[in-house]
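# Structural description and commentary
The chain contents come next:
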Amino acid sequence: MLKIDGIAASPGVAIAPAFILENPDFTVHHREVSDPEAELIRLDEALSKSQQELENIKERTLQELGEKKAEIFESHLLILNDPDLITTVRDRITTEKVSAEYAMNVTAQEFIAMFENMKSAYLRERAVDMRDITKRVLIHLLGLTYVNPMEIDKEVIVIAEDLTPSDTAQLNRKYVKGFAANVGGRTSHSAIMARSLEIPAVVGTKEVLGQVKNGDLIIVDGLDGKVIINPTSDLVEEYKEKRDKHLQQIEEWKQLRGVATTSADGVHVELAANIGTPNDVTGVVENGGEGVGLYRSEFLYMGRTELPSEEVQFNAYKTVLEKMEGKPVVVRTLDIGGDKELPYLDMPKEMNPFLGFRAIRLCLERQDIFRTQLRALLRASVYGNLRIMFPMIATLDEFRQAKALLLEEKANLESEGVTISDTIQLGIMVEIPSTAVLADQFAKEVDFFSIGTNDLIQYTMAADRMNERVSYLYQPYNPAILRLVKMVIDAAHKEGRWVGMCGEMAGDATAIPLLLGLGLDEFSMSATSILPARSQIAKLSKADMQKLAAEALQLGTAEEVVQLVRNIKA
Ligand code: PEP
Ligand code: MG
């Protein structure tokens, strides 16, 4: 048995066998062969194994996820059986006398390049399918072991070095009971995705991948940030109890679903949810969210081969607005960069991606991308209560430029006869210290602020949010952070603006009393944190929390603040 400490990234306890998810090496070298016939046989075997696998996955997907998702595998099967592809690979083996994997890989790369240069978006998307098919066939030819996370079909705990946000989004909750990764912090986007999928997770363990073998029994304790490998049966029982207690607590919180969020002394605050896709709205409604405080629109741009069209975006925004039935929905414009990449934009690698060409900086330069998004948002605005928010604003000038583009697109649409809501609020994320410090000036021009503490903390403390070695500097309770938050709230209220917070701090039980006391108007968090937060706020008096916050602001360290909050809670 081995216990490893990590960062609690998504609450809950999961117990299941380990499934190691590693990206194998698909490098294929040029290899001449003396017996091409033998290579043809190897090729046929690899093709038929791939065919069998695809048919099984298609069938399972059809049963579990429906026809639409199963279509992906239907198109994979079509490609796998494409006579042009297969004949070219076979000819190459016999005429060039090369290995089956080499012939397959070179031919596939030619097909991929051809698809990528097609005019039709549909055909361009076939390049992604072609890549997947090639990997599948190469796995057999190279004797690799790899399973796409989407294809896991047994209850497991996924163990990985790291999971990208899009890997995480593909995990099937039915089978993936939890995950543990070597790297990552509480605010890395895979952790955020795990919370919205409600999969217990521990990240930043540094060593879990090296310590686990496939099939080892694993406990992931996403409440306290622990991973236990091959636990004793007593410990399994103990953790089963912990898991059941947590599930029971969730049931109790459900009683608060339709109730407004009010403090013990009768002050209402709004509890909203952070979402990444229109599908996440179901979780928001189930957890009694009073709005969407952050729709991370960049997830719409990920997992595809080209930018989403205005129509694709319009439909996504419209769906979210309609499903929220008039409740506020804050859509954040594209925040790509940092740990969220778009391979098809072909951006040069940067030394410090979190300090680089990301979010609004990219949008102000790539106005084509930005204008398409703004048009889609404006057109969707009539379907609900839309609020638009710009990410990573560092200067007033950036806000003014972004706003000017929004107004230009609004005028363009209106001249085309399109109706646009006239109640759209326009706000900014406060996640860069310069903006927090200058909040009084911003407050004269924006309708609202939403404090993005995930970035605000990393920039204030100069500590990369993805780097577990400096994760001790992710200090939401540090008085320096609390003072910045106060500065923003006071400046906004002076101008009659409201302030939300959509960084992870907003759903943190230790931070909530302080934020209530500082006067935060809207708390936006993972949907699953809403009901526990509502239950907590109902027990707190805002007047008392104002005194608590005032005291906290005068302390010197995060630890002292935590102690102060604990004393009050006790
Ligand atoms: C933040 O920085 O706090 C935030 C909410 O944005 P993201 O986590 O997507 O960077
Ligand atoms: Mg951010």
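Cut-offs and rules
Residues numbered from 1 in each chain as written. Chains lettered and ligands numbered in written order. Predicted model: local features only at pLDDT ≥ 70, side-chain atom pairs only at ≥ 80, totals over all residues. Heavy atoms only, no water. UniProt positions renumbered as here; feature names shortened; annotations may be inferred. Helix = DSSP H or I, 4+ residues; strand = E, 2+ residues; numbered from the N terminus. Near = heavy atom within 4 Å. Polar contact = N/O pair within 3.5 Å; in protein donor to acceptor, adjacent residues only side chain to side chain. Areas by Shrake-Rupley, 256 points an atom, 1.4 Å probe, with all protein chains shown as cover. Nonpolar A, V, L, I, M, F, W, Y, C, P; charged D, E, K, R; others polar. Donors = N, O, S within 2.8 Å, 3.2 Å for Na, K, Ca; no water. Buried < 20%, exposed > 50% of the residue type's maximum accessible area, 1.4 Å probe, protein only. Core = buried A, V, L, I, M, F, W, Y, C linked by side-chain atoms within 4.5 Å. Contact = heavy atoms within 4.5 Å. Phe/Tyr/Trp six-rings, centres within 6.5 Å; stacked < 30°, edge-to-face > 60°. Lys NZ or Arg CZ within 6 Å of the ring centre and 35° of its normal. Pairing = 2+ DSSP bridges. Axes fitted to C-alpha atoms, helices over the stretch in contact; angles between N-to-C directions. 1 Å grid on protein atoms, 1.4 Å probe; cavity = no way out; pocket = protein on both sides within 12 Å on 5 of 7 lines; lining within 4 Å. Points joined across faces, edges and corners; volume = space filled by probe spheres on them. Domains from an automatic or database assignment.

The protein appears in an unreviewed UniProt entry as Phosphoenolpyruvate-protein phosphotransferase from Paenibacillus anaericanus. UniProt, in its Catalytic activity (unreviewed entry) section for the protein, records the words "L-histidyl-[protein] + phosphoenolpyruvate = N(pros)-phospho-L-histidyl-[protein] + pyruvate". Its UniProt record gives the protein the following Sequence similarities (unreviewed entry) comment, quoted word for word: "Belongs to the PEP-utilizing enzyme family."

For the rest of this paragraph, the subject is the UniProt feature "domain: PEP-utilising enzyme C-terminal" (unreviewed entry) in the protein. What UniProt calls "domain: PEP-utilising enzyme C-terminal" (unreviewed entry) maps, in this numbering, to residues 252–540. Within residues 252–540, the helical portion is 40% and the strand portion 14%, while the C-alpha atoms at the span's ends are 19 Å from each other.

All right, on to the site of ligand 1 then. Close to ligand 1 lie 16 residues, the nearest being R296, R332, G452, N454 and R465. Between an oxygen atom of ligand 1 and a side-chain N or O atom of R296, the distance comes to 2.7 Å. Between ligand 1 and the protein, one listed contact pairs an oxygen atom with a backbone N or O atom of N454 at 2.8 Å. In the complex, 100% of the free accessible area of ligand 1, which totals 290 Å², lies under the protein chains. Listed by contribution, the elements that provide at least two residues to the shell around ligand 1 are β10 (292–296) and α17 (453–461). Broken down by class, the residue content of the shell around ligand 1 amounts to 3 nonpolar, 5 polar and 8 charged.

This next bit is on the coordination of the magnesium ion (ligand 2). The protein atoms that coordinate the magnesium ion (ligand 2) are E431 (OE) and D455 (OD), at distances of 2.0 to 2.2 Å. Of the two residues, E431 is situated in the loop between β13 (425–430) and α15 (433–437) and D455 in helix α17; the sequence distance between them amounts to 24 residues. For the pair E431 and D455, a shared accessibility class is recorded, and that class is buried.

Along the chain, G266 falls in the loop between α9 (233–253) and β9 (270–275). In sequence terms G266 and R566 are 300 residues apart; their C-alpha atoms lie 23 Å from each other.

With 99 residues, the main nonpolar core has Y295, Y317, F390, F449 and F523 as its most contacted residues. Ranked by residue count, the leading element in this core is helix α18 (residues 479–494), at 8 residues. Look past the residues within four positions of F449 in its chain and what remains in contact with it is I428, V430, A439, F442, A443, V488, A492, W498, V499 and G500.

Inspection of the entire model under this criterion finds 5 aromatic pairs. Ring geometry for Y295 against Y317: centres 6.0 Å apart, planes inclined by 75°, an arrangement best described as edge-to-face. Separated by 22 residues along the polypeptide, Y295 in strand β10 and Y317 in helix α11 (residues 310–323) bring together distant segments of the chain. For Y295, a relative accessible area of 1% gives the class buried. Ring pairs connect the aromatic residues F370, F390 and F399, which therefore count as one cluster. Above the face of the Y383 ring, K318 is positioned so that its terminal group lies 4.9 Å from the ring centre. In this structure, R379 is placed above the aromatic ring of F314, and the distance from its NZ or CZ to the ring centre is 4.2 Å.

To continue, consider the sheet that holds strand β11 (residues 328–332). Within the closed barrel, the 8 strands sit side by side as β9-β10-β11-β12-β13-β14-β15-β16. Their pairing is parallel. For this sheet, the mean angle separating the axes of adjacent strands, direction not counted, is 25°. Where strand β15 (residues 498–501) meets strand β16 (residues 522–525), 2 bridges bridge the pair, whose relative direction is parallel. Within the sheet, the bridge partner assigned to G500 lies in β16 and is E522.

Empty space left among the atoms is revealed by rolling a probe the size of a water molecule over them. Here the second largest pocket defines a volume of roughly 230 Å³. Taken together, E116, R124, A127, R131, T305, E306, L307, P343, Y344 and D346 make up the full set of residues lining the second largest pocket. Here the residues of the lining of the second largest pocket sort into 4 nonpolar, 1 polar and 5 charged. Mapping the lining of the second largest pocket onto the domain boundaries places at least three of its residues in each of domain 2 (36–142) and domain 3 (267–540).

With that settled, consider the pairing of strand β4 (residues 156–160). The buried fraction of β4 amounts to 5 of the 5 residues, a majority that puts the element mostly inside the structure. In this structure, strand β3 (residues 13–21) lies alongside β4, joined through 4 bridges in parallel fashion. Within β4, the residue paired with F19 across the bridge is V158.

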